[in-house]
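Residues per chain are reported as follows:
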Amino acid sequence: VQLQASGGGLVQAGDSLSLFCAASERAFSNYNMGWFRQVPGKEREFVSAINWSGDRSIYADSVKGRFTISRDNGKNTVYLQMNGLKPEDTAVYYCAGSLLWGGDIMDRSNIYQYWGQGTQVTVSS
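Summarised in this report is the structure supplied together with it. (Residues numbered from 1 in each chain as written. Predicted model: local features only at pLDDT ≥ 70, side-chain atom pairs only at ≥ 80, totals over all residues. Heavy atoms only, no water.)

1. What to know about the sheet that holds strand S7 (residues 67-72)
Here comes step 1: The 4 strands lie next to each other as S1-S3-S8-S7, forming an open sheet whose pairing is antiparallel. Since the sheet does not close on itself, it has two edges, and those belong to strand S1 (3-6) and S7, each with one partner. Recorded for the sheet is a direction-independent mean angle of 15 degrees between the axes of neighbouring strands.
Here comes step 2: In the sheet, S1 pairs with strand S3 (residues 17-23) via 4 bridges, with the strands oriented antiparallel. Counted as the bridge partner of glutamine 4 is alanine 22 from S3. (Pairing = 2+ DSSP bridges. Helix = DSSP H or I, 4+ residues; strand = E, 2+ residues; numbered from the N terminus. Axes fitted to C-alpha atoms, helices over the stretch in contact; angles between N-to-C directions.)

Here it is in structure tokens:
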């Protein structure tokens, strides 16, 4: 499956932003999806993940209560709604797909087989 992330941009602290990840495959509903982010010079960091049906999701502590992951299997798209953005949220955000679902282990990047190209989110103070 090919993944295309979009929706990034430059916002101010406290603003909201929505990220989108469109998948190329009709069997999108087979994939569990995740969002990760990366700052230059640092390791890729888990943000959130959602299972294939959309009824289970997990979040990193740093975004819990501010970010919401969701998906629309009819549109082959997964979303990341980001509210109350902080300067430390600045990063390149990547969406990823996995045929595996293991609950809390979905925060591990090596669980994912497919990756999108990333979209830049910059939050100014």
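2. Topic: the pairing of S3
Here comes step 1: With burial as the criterion, only one face of S3 is covered, namely that bearing Leu17, Leu19, Cys21 and Ala23; the residues Ser18, Phe20 and Ala22 on the opposite face remain uncovered.
Here comes step 2: Pairing analysis gives 6 bridges linking S3 to strand S8 (residues 77-82), with the strands arranged antiparallel. Note that in S8 the partner of serine 18 across the bridge is glutamine 81. (Buried < 20%, exposed > 50% of the residue type's maximum accessible area, 1.4 Å probe, protein only.)

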